Amino acid sequence: MNRRNCKNCLYGDVCPSSSVCEHYTPIKDDGNLDAYIESERQKFYRDWMRYTSEDDE
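Residues numbered from 1 in each chain as written. Predicted model: local features only at pLDDT ≥ 70, side-chain atom pairs only at ≥ 80, totals over all residues. Heavy atoms only, no water.

**Q** Any details on a nonpolar patch on the surface? Residues and values, ideally.
**A** Taken together, F44, Y45, W48, M49 and Y51 make up a surface patch of nonpolar side chains, about 590 Å² in accessible area. Relative to the helices and strands, Y45 resides in helix α1 (residues 33-56). (Patch = residues over 30% accessible without salt bridge, like charges linked within 9 Å, V, L, I, M, F, W, Y side chains within 5 Å. Areas by Shrake-Rupley, 256 points an atom, 1.4 Å probe, with all protein chains shown as cover. Salt bridge = Lys/Arg side-chain N within 4 Å of Asp/Glu carboxyl O. Helix = DSSP H or I, 4+ residues; strand = E, 2+ residues; numbered from the N terminus.)

Given below as structure tokens:
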């Protein structure tokens, strides 16, 4: 995506972004939402574990 098209985004009416963002969420669920949520959850967990391990050193 190189142009902003928030017409079909779940957050289109409240999004403060003036450019294409990584949080685009289509209004219609095409079945990929669960996979996206799981991948973001795993990424957050890895980042969190890295962050908390820095305090242990």
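**Q** Talk me through the pattern of salt bridges; I want residue IDs and the actual numbers.
**A** Applying the stated criterion across every chain, the model contains two salt bridges. The closest approach of N and O atoms between R41 and E38, which form a salt bridge, is 2.6 Å. Of this pair, R41 and E38 both sit in helix α1, separated by three residues, roughly a single helical turn. Here R41 falls in the partly exposed class, since its relative accessible area comes to 45%. Of the residues examined, E38 reaches a relative accessible area of 33% and is grouped as partly exposed. Between D47 and R50 there is a salt bridge whose closest N-O contact spans 2.5 Å. With a gap of three residues between them, D47 and R50 both fall in helix α1, about one helical turn apart. (Buried < 20%, exposed > 50% of the residue type's maximum accessible area, 1.4 Å probe, protein only.)

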